[in-house]
Amino acid sequence: MRRRELLAGVGSIGVLAGGTGVVLAGLPSFGTDEPAADSDGDDGSEWPIEVETIDARGSDGGTLTVPNDGVTVVEFFVTGCGMCQAQMPRLAEARSRLVDDYGDDLTVLSVTYQSAESMPDDELRSWWRTHDGNWAVGRDTTSSLTANYGIAGYPVTIVVDETGKKRWEKLGVGSSDDIVGAVEDVFESFEERDDAEAETNESATA
């Protein structure tokens, strides 16, 4: 069974000339690693946070929630960032290595703060296809997700557990091995917790 279910005006991010990179620091940091699941954010968003997704390769139009009942890998990107482009194949490789083992218990989501006005769906869809995206892609136009996890700079990749706690973060281009290892560590912690609970229940009924 599947285990799932800032600022509105982040106007411009300083992209380096030629699209080779993006400023990796300087945006304000918000939120905590472990947010309160029943509280509303300062921007009025509810918990869990809903991200609007677009219809693109590997992505259905609609919404995804963060967190859900499994493990979520979230990559924060902007299309004009060369380092974000460099991160795409590494994330794709990590996903391909993980999906067979974890299936629907794993969510991979790339999000951009860019609105449909600044980056129309057709252009984002074309960028996504050009850079071999094949998983959910959406928009964090109110920066609710960005603020909640204190994201500063692009690209940033995080791993979130089922409670919404950020368990791993990488600023800049990260290796597929690191992403895979971070996800596996979270799933292993789930198994250890479940085993401990089962052992406790057995002891209580003995």
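About the criteria used
- Residues numbered from 1 in each chain as written.
- Predicted model: local features only at pLDDT ≥ 70, side-chain atom pairs only at ≥ 80, totals over all residues.
- Heavy atoms only, no water.
- Helix = DSSP H or I, 4+ residues; strand = E, 2+ residues; numbered from the N terminus.
- Buried < 20%, exposed > 50% of the residue type's maximum accessible area, 1.4 Å probe, protein only.
- Areas by Shrake-Rupley, 256 points an atom, 1.4 Å probe, with all protein chains shown as cover.
- Core = buried A, V, L, I, M, F, W, Y, C linked by side-chain atoms within 4.5 Å.
- Contact = heavy atoms within 4.5 Å.
- Phe/Tyr/Trp six-rings, centres within 6.5 Å; stacked < 30°, edge-to-face > 60°.
- Pairing = 2+ DSSP bridges.
- Axes fitted to C-alpha atoms, helices over the stretch in contact; angles between N-to-C directions.

Focus: the overall build of the protein chain
Part 1 of the reasoning: When helices and strands are counted, the protein chain shows four helices and seven strands.
Part 2 of the reasoning: For the protein chain, the sequential pattern of α-helices and β-strands runs β-β-β-α-β-α-β-α-β-β-α.
Part 3 of the reasoning: The 206 residues of the protein chain split such that 44% are buried.
Part 4 of the reasoning: Accessible area of the protein chain: about 10100 Å², with a carbon and sulfur share of 45%.

What to know about the nonpolar core
Part 1 of the reasoning: Within the largest apolar cluster, 46 residues are counted, with the highest numbers of intra-cluster contacts made by Val73, Phe76, Leu145, Tyr149, Ile158 and Val183.
Part 2 of the reasoning: Of all the elements in the fold, those that place two or more residues in this core are β1 (49-53), β3 (71-76), α1 (82-102), β4 (106-112), α2 (121-130), β5 (136-139), β6 (156-160) and α4 (176-205).
Part 3 of the reasoning: It is α4 that provides the largest number of residues to this core, a total of seven residues.
Part 4 of the reasoning: Once residues lying within four places of it in the same chain are set aside, the contact partners of Ile158 are Thr72, Val73, Val74, Phe76, Tyr149, Ile151, Lys166, Trp168 and Glu169.

Quick notes on the environment of Gly58
Part 1 of the reasoning: One can find Gly58 in the loop between β1 and β2 (62-66).
Part 2 of the reasoning: Along the sequence, Gly58 and Trp135 sit 77 residues apart, while their C-alpha atoms lie 4.3 Å from each other.
Part 3 of the reasoning: Excluding its chain neighbours within four sequence positions, the residues that come into contact with Gly58 are Asn134, Trp135 and Ala136.

Some points on the packing of aromatic side chains
Part 1 of the reasoning: Taken as a whole and judged by the stated rule, the model has six aromatic pairs.
Part 2 of the reasoning: Between Tyr102 and Phe187, the aromatic rings sit 3.9 Å apart at their centres with planes inclined by 5°, giving stacked as the arrangement. Within this pair, whereas Tyr102 is found in helix α1, its partner Phe187 is found in helix α4, the two being separated by 85 residues in sequence. Accessibility classification places Tyr102 together with Phe187 in one group, the buried group.

What about the sheet that holds strand β7 (residues 166-171)?
Part 1 of the reasoning: Spatial strand order, β2-β1-β5-β4-β3-β6-β7: seven strands in an open sheet with mixed pairing. Lying at the two open borders of the sheet, with one neighbouring strand each, are β2 and β7. The average angle at which neighbouring strand axes cross in this sheet is 30°, direction not considered.
Part 2 of the reasoning: In the sheet, β3 pairs with β4 via six bridges, with the strands oriented parallel. Across the sheet, the residue bridging to Val71 is Leu106, located in β4.
Part 3 of the reasoning: Contacts from α1 reach β3, β4 and β6 within the one sheet, and its direction differs from that of β4 by about 160°.

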